[in-house]
Structure formats: C-alpha cells, structure tokens
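Secondary and tertiary structure notes
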Amino acid sequence: MDFDLTDDQATIRKAVAGVVRKFDDQYWMEKDLAHEFPTEFYDTLASGGWLGITTPEEFGGHGFGITEASILIEEVARSGGGMNAASSIHLSIFGMHPVIKHGSEELKQRTLPRIVDGSLHVCFGVTEPGAGLDTTRITTFAKRDGDHYVVNGRKVWISKAQESEKVLLLTRTAKFEDSAKKTDGMTLFLTDLDRDHIDIRPIRKMGRNAVSSNELFIDDLRVPVEDRVGEEGQGFRYILDGLNPERMLVAAEALGLGRVALDTAVKYGNEREVFGRPIGMNQGLQFPLADSLARLDAAELVLRKATWLYDRGEPCAREANTAKYLCADAGFQAADRALQTHGGMGYSEEYHVARYFREARLLKIAPLSQEMVLNFLGSHVLGLPRSY
Amino acid sequence: MRWELSEEQADFRSVLRDWLQERCASAALRGWLDTGDPGPFEEQFAAEGWWGVGSPEELGGQGGGLVELALAAGELGRAAAPSSAWMGSVLAVPALANAPDAAKALLADGITTVLAVRSGAVPALRPTVSDDGSGLTGSVGSVLGADRARRLLVPVQQQNDTALVLVDAGSAHAEVRPRALTDRTRTIGDITLRGASGTPVAADAGAVLDQVALRAAVLTSADALGVTERMLEMTVEYAKQRHQFGVPIGSFQAVKHAAAQMLVQVESARSIVYLAAASVQAGHPDAHLHAAAAKAQVTAGAAKAADTALTLHGAIGYTWEYDLQLYYKRAMLDRVLFGAPSAWNERLAAALDLVPEGSAAL
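Described below are features of the structure shown in this document. What you see is a predicted model; the values in this text were computed from it and never measured.

Notes on the overall build of chain B
Within chain B, the secondary structure is distributed over eleven helices and ten strands. Here the C-alpha radius of gyration of chain B, 21 Å, is about what a compact globule of 362 residues would show, namely 21 Å. Partitioning the intrachain contacts of chain B with sequence separation of at least 6 by distance along the chain shows that 74% fall at a separation of at least 24. Of the roughly 16200 Å² of accessible surface on chain B, a fraction of 52% belongs to carbon and sulfur atoms. Here chain B holds 29 positive side-chain charges and 40 negative ones, and the gap between their average locations is 7 Å.

Given below as structure tokens:
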C-alpha cells in the first residue's frame, strides 16, 4: 500500500493551490453576493490549461485520471472558492466523459478542444421536475424529423445554464411505456442552448450564488443529428458511466470545503480571546474541531481509494458512493462547527464561514441525496431488497 | 400553563424516597440480587402499604392515580429497586375495575397479580392462550414479574370472544419458568398453561389492553426518569471528586457539557412523564400521543444518558462493585421494555398525516 501522491499529483496540487490563491475569500464573497459568474477565475484556469486535465491529449487536454481531477477540484474548493469555484469548472473537468467515450469523432473534434481552452461553456441537462432522482421517468422528448430531432420538455436544477453555450441533454426518444426496459429509449445530445427555443429561468436559492441554477423550458428545439452522442436509445447507459466520477468529484469538493472551513475555524480559535484566553482553549470548541479533522481525514482516504480504483479500471461504485456520503457529511459538519466556533461573527458574510456552511449543505443533497447513497449501498452492496 | 405536584404528591415522593434509601440501600439490594430472591423487599414494600398508592379506594387502593404511580415508579427506578412484581401488578389494575375482590387481594392484601403480556412489545390484545373447553392452553413469554406472581391475569381467546381470566400461578396446570435478565433488578418469566382453569373477570379486554399500553409507557418512562436522575447525581458527584492533571475532571468542559446534556435530558423527561401521566389518567384525547412521546423520548434519552454517565466515570463505571452498572443496565432495559422507541415512534407516525406506507409511487 502506498499513500504517497505521485510526482505529477503532488505538482498538480501545489500548482493549482498557487493559481487559485489570487482569488481570495473577498473575491468569492463578492461574486456570491452579486450572483455573478467568476469569469476571471474561470479564464485563469482555462488559460493555464487546467480545464483539460482529463481530456485526452488528442483533443488538447492532458489525459490525466479522476485522481488528478479530484485533487484539482479539492484545491479549488479549499481555496475558499468552495462550490462557486468548483461548479464553474466542474463539467469541463469531467462532464464530457460520455462524449469522450461514446461521441462521434466529428462531435469530439468540434467540441472538446473548445472545452479545454475554455471558450465552450457546457451544462448538464438531466434532472426534471417530474422525475427527480428517478431518471428513467424523464419525459423531455426528442422526435426525429429528417436529419434533426425536435425536442420539447422541461428541465430543472441545471447549473450554469445561464452562462452555457451548449447543453448535454438527456431526452427520451421512446416513451417510458413503449420501452422494453425502463432504461431504454433515452438519447443523449450535446447541442446548442438555443435561447429562441429554450427559456432559461434562474432559481433563487440558499447559496452557491455565483453559479446559477435554472429551470429550462424547451419548446420545439431543433437538434441536428450530428449533435447526438452515440446511438439512439443508449443515452441512459452513457450517463451512467459518468455517475461514479461525478460522485468522486463532488466528494472532493465537499472535502475541500470542509478543510477550508476547519482551517478558518482553527485560525479564529487561536486568535479570538474571550475570558482572557483564546477560545480554542475551550474543550467545547476544540474537541468538535479535532473530531472534524479525524472525520475529514477518514473520508479523504475513501475518496483516494475510489479514484485509484477508477483510474485502474476497476469497479468503484461502492467506494465512490461511500466517498460522497462521508465527505459530504464530514464537510458539512466541519462547516457547521466552523460557524459555531465563530459565534455571532460566523453568521456574518464577512467571516466567510456562513458561505461555506450554505455551500456545504448543498452537497448532502446534490448531485444525489445522502439517502440515495444509502439506498445504493443497502441494495447493491449489502444485497438487501430495494427499498424505494 | 402551570402544573406542579400537589403538596400531598410531593410529600409522598419524599417519604417514599427516604424509605427506599433506608430499606433498599445498595448492600441490601445487592444481597437480593445475588440470591436472586427479591422477596424480602417485595414483602416490606407491600407491608408498608405502598402497593395501594395510585389505585382507587373502592378497589382497595389508597386513592390517587397514574401521577402517583409515576412518582412511585420514578423512585423505584432511582433506587434500582426490584420492582417487577409491583410494575406487573399495577398494569393489571385497570382490568380489575369490575372485580373488586381480586383487586382488593392485589392492592390491600399483597396477592401479587400480574398481567400476562409480553414485556418486549407494546402491550396489545393478541391472546396466545385459548380456551378449548377443557381448560386454558397456551403460553405467554417474557412476562414482567410473572415469576413473582401468585395470580396471573391472562388474555384468552375464546370461541367468539376474548376475555381476561385470573389463573392461580401455583396451580398444577400452570408453569412459570423464570428467565434471567442482564438487568438483575428486574425479572421476567415464561408462562405455560396446560388445561388450566381460571375465573374470568368482566372487562372489555381490547379496551383494557389499550389502557395497559399507555400505562406501561408512562410507568416505564417514569422508571427511566428516576434512573437518569440518579445517574446524573452519581456522575456529578464523581466528576467533582475525581482529579486528573491536578484538577477535578468536572472542571473540563467536555465533562461539564456532557453532564449538562444529561440534565437537559432529565428536565425534558420530567416534563413529558408527568404530562403523560396526568393526560392518561384524565383520558385526554391526545393521551395516546403523550404516552408514546414519553416512552419514545424518555427511555431513548435515558439509555443515551447511561452511556454518557459511563463515559464520564471511566473505568470505575465499568466495575461490578460500583453501582452505576445497576442503573446502566436498568436504563437499557427500560428502553426496550414494553416496546422500543421505534415502536412508539411508529404510533406517533401513524397519528400524523403522512403518506401511508407503501403508497409512494415506485
């Protein structure tokens, strides 16, 4: 067993930390309060070539694995950028996976180099109000019309749709009731977010406000056949391939958030004096922070194991799900305790832990709830009957 | 809203507490537990007339109701007293409302009469003994205090009806096999009847068992409250006495805060236990919710407080010689006695306007 990062990985961690350092808490607070996309941050990562960390070299990327991607995104979150920073680049980092694996050469040539150089912003259009996590129940329908499809339907919780040029869109090309298997009849596209046919409405929400979350109303959107990813009817399987990496990246984001929250709390605990001594001297404050350190460290190990398995091409669903579950939990708990350590100051935007807290809470819900992770572990790993 | 114990109730509590401190002190208690015979305690308890408190005078009791019984249960818990015979019997009292002779035998003459229901579940009318015309046959497992009983009040399935039948525990056709519990301060027994005869009491068995469930919830919670109070006292006392790193361990915040959490548990338990007792006694429309909340919250909290008490005591709490082990085990048994918190939470959930189980879209 070897717990060391490789030279490349250590270099990536250090380099990313250096790059993101100039975007400080003040920057992220202002972006969050103004509900403004962090363009300067995004452009800096793009010009440094970081967005292509996992994209194959033939398309201009670096061809690294999910381990390196998770280290990158963890550092990004840990810089204080949290989910605002992570979500602005999350899909560029690994979201194109279904396209890389299943897309046509033409589609890849047309889109992937632009993902890498940052000129192409994409969003992920899967979730629907009537389906939630029950993805096979989506109803957005793509009807073939010559060399086009005509798409109608609704999507919800589409991150970054406002800022995106294209959407990786999951549709049904056969209705649920007409499909032999419920996972059949779904088709994936990478296509333009044509504002003439898609009404994008931002959702007002609790945090991560620098990156929008949106409802999409799709009305007779014409999608050229060339924008289809892989074969018709196979879209669900393509998406499925990307779910474990997504869980690992989200786990890394939660971990980074937890780390920065804990660092902030420790600093405050050492500096702030009440009753004539640093408040960190109180066991009531010190123990919860120490406990969070232990929990973050433990969660990190599972995450590292998960990405290691994935990069070796081995099954990793158990570890990826567990990593998401433990990191989200440890990250939120650390943020909550950081807020508590700050007392009243924690509730002000100025000390940043309130922002971490709001963002960390998101990771217990998205991209899937903690309860769905338990469903997975309960039925697929333990072999208990499906409970839902 | 203001609710407090009447002067009489407060007096009763303090006199009983003093009595238990004297008669059920640790050395005597440990003697009964070691010999496995709590008889001497039970005899004294009955002889002093404590048995009748909380039951109607017309049935041979001394008046008062469930609040008085809850006070008694709390004090018995606080003393870790061997109270199974008493508890099993007071659960039977509602069934004897129309059987004054049997009630008087129990309440005034100390003829222990235990209701034959399983102690590991919420009491309900599910007769496992039937009357096939040639006597009562069947068995009831894990009945609290059955091994101490002279009479058993058994729910019986008759041809078209259910009934409660008084059976002499000493009869040749009745067998009570005692079973040991980890909590040695309480005892249970498995009852087996083979063609036994008995005397039916006039009662609506279903309605009686519904009442018994609420009574069991209130009295078990009250016991757990007393146990928690005592554990908190022991813990605070120990934390002041025991020194580490040159200071009493009670000066460490982690210890102090944990003890404060126990106090919060005690106070919240007190609030719901007496509310539930008064509510069940008065037949309040929400009495079933109050009793369920008490059982679910108080006994779960007591088990948690027991863990905290053990942690704060360190290794000494783990020893046989130190009395904390008695309370720890008692708290653990109270948690599952007459239904675990999950079972009582189910009852609460059933009363809420939630989506019925199984109807969610797949």
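Section: the overall build of chain A
For chain A, the count of helices and strands is eleven helices and ten strands. Taking all 388 residues of chain A together, 53% fall into the buried category. In chain A, the proportion of contacts linking residues at least 24 apart, taken out of those at least 6 apart, comes to 74%. When the accessible surface of chain A is summed, it comes to about 17200 Å², and 52% of that surface belongs to carbon and sulfur atoms. Across chain A, the centroid of the 46 positively charged side chains sits 5 Å from that of the 57 negatively charged ones.

Quick word on the side chain of T111 of chain A
Residue and element names in this part refer to chain A. If you trace the backbone, T111 turns up in helix α6 (residues 105-117). Relative accessible area serves as the criterion here: at 0%, T111 is assigned to the buried category. Aside from chain neighbours lying at most four places away, what touches T111 is V99, L120, K166 and L190.

Section: the interface of chain B and chain A
Each partner contributes to the interface: chain B provides five residues, whereas chain A provides nine residues. Where chain B touches chain A, the interface holds four residue pairs in polar contact (both at pLDDT 80 or more). When its residues are assigned to classes, the side of chain B that touches chain A shows three nonpolar, two polar and no charged.

A few points about the pairing of strand β4 (residues 151-157) of chain B
Residue and element names in this part refer to chain B. Where burial is concerned, most of β4 is hidden: five out of the seven residues are buried. Strand direction decides the pairing type here: strand β1 (residues 113-115) and β4, joined by three bridges, are parallel. When the bridges of β4 are listed, V114 appears paired with L152. Relative to β4, strand β2 (residues 129-131) runs parallel, the two sharing two bridges. The residue of β4 that forms the bridge with S130 is Q157.

Topic: the pattern of salt bridges
A side chain with one charge may pair with a side chain of the opposite charge, provided their charged atoms come close. Residue and element names in this part refer to chain B. Per the stated rule, a full pass over the model turns up 48 salt bridges over all chains. Between E175 and R194 there is a salt bridge whose closest N-O contact spans 3.4 Å. Taken together, the positions of E175 in strand β6 (residues 174-179) and R194 in strand β7 (residues 188-196) put the pair 19 residues apart, joining distant regions of the chain. We classify E175 as partly exposed; its relative accessible area is 35%. Taking the relative accessible area as the measure of exposure, R194 reaches 51% and is therefore exposed.

Topic: the nonpolar core
Counting 94 residues, the largest nonpolar core has W86 and M231 of chain B as the members making the most contacts within it. Looking at this core, the element that brings in the most residues is helix α7 (residues 205-241) of chain B, giving 17 residues. Sequence-distant contacts of W86 of chain B, defined by excluding residues within four places in its chain, comprise F45, W51, L69, A72, A73 and L76 of chain B. By size, the runner-up hydrophobic cluster in this structure holds 59 residues, among which are F37, M248, A320 and A360 of chain A.

Thoughts on the packing of helix α2 (residues 25-34) of chain A against helix α3 (residues 39-47) of chain A
Residues and elements named next belong to chain A. Put simply, α2 and α3 touch, their axes get as near as 10 Å, and they point 125° apart. Classified by the angle their axes make, α2 and α3 are oblique. Between α2 and α3, the residues in contact are Y27, W28 and K31 and T39, E40 and F41, respectively. Looking at the contact of α2 with α3 residue by residue, the classes come out as three nonpolar, one polar and two charged.

A look at the packing of helix α4 (residues 66-95) of chain A against helix α10 (residues 353-362) of chain A
Residues and elements named next belong to chain A. Their axes nearest at 10 Å, the elements α4 and α10 cross at an angle of 45°. Taken together, the axes of α4 and α10 are oblique relative to one another. Remark: the crossing between α4 and α10 carries left-handed chirality. Seen from α4, the contacting residues are G80, G81, G82, M83 and N84; seen from α10, they are R355, Y356 and E359. Residue classes in the contact of α4 with α10 are distributed as two nonpolar, four polar and two charged.

Section: the packing of aromatic side chains
Under the defined criterion, the tally for this structure stands at 19 aromatic pairs over all chains. Aromatic pair Y149 of chain A and F189 of chain A: ring centres 4.9 Å apart, planes at 65°, arrangement edge-to-face. Placement of the pair is Y149 of chain A in strand β3 (residues 148-159) and F189 of chain A in strand β5 (residues 186-192), with a sequence separation of 40 residues. The residues Y149 of chain A and F189 of chain A share a single accessibility class, namely buried. One aromatic cluster is present, formed by F12, W19, W32, F41, F45, W50 and W51 of chain B through successive ring pairs. In this structure, R137 of chain A packs its charged tip against the face of F176 of chain A, placed 3.9 Å from the ring centre. The ring of Y388 of chain A has R386 of chain A lying over it, and the distance from NZ or CZ to the ring centre is 4.0 Å.

Details of unusual backbone geometry
Residues and elements named next belong to chain A. Cis geometry is found at the peptide bond from A366 to P367, where omega equals -5°. Checked against the element boundaries, P367 lands in the loop between α10 and α11 (370-381). The backbone of W157 sits at a positive phi, close to 60°, despite the residue not being glycine. With respect to the helices and strands, the residue W157 is situated in strand β3. The exposure class assigned to W157 is partly exposed, which follows from its relative accessible area of 48%. Even without glycine at this site, H352 takes up a positive phi of about 70°.

Some details on a nonpolar patch on the surface
Taken together, the side chains of M1, F3 and L301 of chain A define a hydrophobic patch exposed on the protein surface, amounting to about 450 Å² of accessible area. Locating F3 of chain A in the fold gives a position in the segment before α1 (7-20).

Notes on the state of the cysteines
Residue and element names in this part refer to chain A. Under the criterion given, the structure shown has zero disulfides over all chains. The thiol sulfur of C316 is not disulfide-bonded, and the nearest other cysteine sulfur, from C327, lies at 14 Å. Taking relative accessible area as the criterion, C316 reaches 4% and is therefore assigned buried.

What counts as what
Residues numbered from 1 in each chain as written. Chains lettered and ligands numbered in written order. Predicted model: local features only at pLDDT ≥ 70, side-chain atom pairs only at ≥ 80, totals over all residues. Heavy atoms only, no water. Helix = DSSP H or I, 4+ residues; strand = E, 2+ residues; numbered from the N terminus. Rg over C-alpha atoms; globule rule 2.2 N^0.38 Å. Contact = heavy atoms within 4.5 Å. Areas by Shrake-Rupley, 256 points an atom, 1.4 Å probe, with all protein chains shown as cover. Lys, Arg positive; Asp, Glu negative; His and termini not counted. Charge placed at Lys NZ, Arg CZ, Asp CG, Glu CD. Buried < 20%, exposed > 50% of the residue type's maximum accessible area, 1.4 Å probe, protein only. Polar contact = N/O pair within 3.5 Å; in protein donor to acceptor, adjacent residues only side chain to side chain. Nonpolar A, V, L, I, M, F, W, Y, C, P; charged D, E, K, R; others polar. Pairing = 2+ DSSP bridges. Salt bridge = Lys/Arg side-chain N within 4 Å of Asp/Glu carboxyl O. Core = buried A, V, L, I, M, F, W, Y, C linked by side-chain atoms within 4.5 Å. Axes fitted to C-alpha atoms, helices over the stretch in contact; angles between N-to-C directions. Parallel < 35°, antiparallel > 145°, perpendicular 65-115°, else oblique. Left-handed = near helix turned anticlockwise from the far one by under 90°. Phe/Tyr/Trp six-rings, centres within 6.5 Å; stacked < 30°, edge-to-face > 60°. Lys NZ or Arg CZ within 6 Å of the ring centre and 35° of its normal. Patch = residues over 30% accessible without salt bridge, like charges linked within 9 Å, V, L, I, M, F, W, Y side chains within 5 Å. Disulfide = S-S within 2.5 Å.

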